[in-house]
Amino acid sequence: MEFLELATWVMIGKIIVVDILLAGDNAVVIGMAVSKLEDKYREKAIMWGTFGAIAMRLIFATILVEALEYIPGLHFVGGLVLLWIAFHLLVGDDDDANIESKDSLRGAIITIIVADAMMSIDNVIGVVGAAKGHLELVIVGMLITVPLLIYGSRLLARIINKYPIILWAGGSLLAWVAAEMVTAEPLLQPYITGYERLIEIAGVILVVAAALIWKRRRKATAPDEEA
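The present account deals with the structure reproduced in this document. Throughout, a residue's number is its position along its own chain's written sequence, starting from 1. In keeping with the model being predicted, local features are shown solely for residues with a pLDDT of at least 70 and side-chain atom pairs are shown and tallied solely at 80 or more, while totals for entire chains, interfaces and linings include all residues. Derived side-chain values reflect all non-hydrogen atoms in the structure, with water molecules and hydrogen atoms excluded from consideration.

1. Let's talk about the layout of surface pockets
Worth spelling out the cut-off: Definitions used throughout: a 1 Å grid over protein atoms alone; a cavity as a set of points that fits a 1.4 Å probe which cannot get out; a pocket as an open set with protein on both sides within 12 Å along at least five of seven lines; a lining residue as one with an atom within 4 Å of a point. Grid points are joined across faces, edges and corners, and a volume is the space filled by probe spheres set on the points. Comment: elements are numbered from the N terminus, with helices defined as DSSP H or I runs of at least four residues and strands as E runs of at least two. Put simply, Ala, Val, Leu, Ile, Met, Phe, Trp, Tyr, Cys and Pro go in the nonpolar bin, Asp, Glu, Lys and Arg in the charged bin, and everything else, Gly too, in the polar bin.
In this structure, the second largest pocket occupies an estimated 170 Å³ of space. G129, K132, E180, M181 and A184 are, among the 13 residues lining the second largest pocket, the residues nearest its centre. Breaking the lining of the second largest pocket down by element, the ones donating at least two residues are α6 (121–131), α8 (164–183) and α10 (196–226). The greatest single-element share of the lining of the second largest pocket, amounting to four residues, is contributed by α8. When grouped by side-chain class, the residues that make up the lining of the second largest pocket number five nonpolar, four polar and four charged.

Following this line, the structure appears as structure tokens:
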């Protein structure tokens, strides 16, 4: 893939946006894991924990890229999983992270790596889908995104909270990536050729509409629940 092409950088941009949307909780985990460390050890824990977390994500991404090439139906399944993730992102049903803080450098590093590995499956599926199986783009996107999240997570969270439209735009992008993953399924190609864009648009509309209906119903039943 030619890195000077505009399409390549558009794809990298999609990877970064998807990863930022899905990795907010990971940054929170890092903050919780190092909260009890002395200042002189905190930066080391963040640095080595981040290095380990990136390594684990790249291992997962490499496995998924290879699996997508050789396992029939995996594009379709991965796309459906991403549609579900996009829906939950928009309705805000993510559980709060509950990570025990550590008072030792080694313990904090291990906690960061293990917790990030457990929480990063959706991130990996999302970025691999956005990269359309190009592992080199996954690597570039992760190297840009992970440090940005770790050192700028609070600012990013404040911006998204202040401008909710960003979350909806990002969720729509994630739904589009999911639909692209579905339409890339070789088993479906003979039946959907020529209708790919229509399916992708339908996927975005489906997820956004479902999220709006869910939030409206939850808001309508909230007073009854409080009573």
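Here the narrative resumes.
2. Side note on the nonpolar core
Filter applied, for reference: As used in this record, nonpolar core signifies buried Ala, Val, Leu, Ile, Met, Phe, Trp, Tyr and Cys residues forming a set joined through side-chain atoms within 4.5 Å. Accessibility here uses a 1.4 Å probe with only protein chains present; expressed as a share of the type maximum, an area under 20% marks a residue as buried, one over 50% as exposed, and anything in between as partly exposed. Note on contacts: a residue pair is in contact if any heavy atoms of the two residues lie within 4.5 Å.
Residues L82, V128, V138, L174 and V207 are the most contacted members of the largest nonpolar core, which totals 39 residues. The residues touching V128, leaving out its near neighbours within four places in the chain, are A61, L64, V65, L68, G133 and V138.

3. Notes on the side chain of H75
Here H75 shows up in helix α4 (residues 74–91). Residue contacts for H75: discarding those within four places in its chain leaves L68, M181, V182, A184, E185 and P186.

4. Some remarks on the packing of α4 against α8
The condition is simple: The convention used is that axes are lines fitted to C-alpha atoms, helices contributing only their stretch in contact, and that angles between N-to-C directions extend from 0 to 180 degrees. Throughout this description, any angle smaller than 35 degrees is read as roughly parallel, any larger than 145 degrees as roughly antiparallel, any in the 65 to 115 degree range as roughly perpendicular, and the remainder as oblique. Handedness of a helix crossing follows the sense of rotation of the near helix relative to the far helix, less than a right angle counterclockwise being left-handed and clockwise being right-handed.
Closest axis-to-axis distance for the α4/α8 pair is 7 Å, and the angle between their directions is 170°. Overall, the two elements α4 and α8 adopt an arrangement that is roughly antiparallel. In the packing of α4 onto α8, the handedness of the crossing is left-handed. From α4, H75, F76, G78, G79, L80, L82, L83, I85, A86, L89 and L90 reach across to α8, where they touch L167, W168, G171, L174, A175, V177, A178, M181 and V182. Across the contact of α4 with α8, the residue classes tally to 16 nonpolar, four polar and no charged.

5. Brief notes about the pattern of salt bridges
Short version of the rule: Counted as salt bridges are all cases of a side-chain nitrogen of Lys or Arg within 4 Å of a carboxyl oxygen of Asp or Glu.
This structure, assessed with the given rule, holds two salt bridges. Here K14 makes a salt bridge to E180, at a shortest N to O gap of 3.0 Å. Of this pair, K14 sits in helix α1 (residues 6–22) while E180 is found in helix α8, placing the two residues 166 residues apart along the sequence. As a salt-bridge pair, E200 and R197 come within 2.7 Å of each other at their nearest N and O atoms. Placement of the pair is E200 and R197 together in helix α10, with a separation of three residues, close to one helical turn. Its relative accessible area of 2% is what places E200 among the buried residues. With a relative accessible area of 52%, R197 lands in the exposed category.

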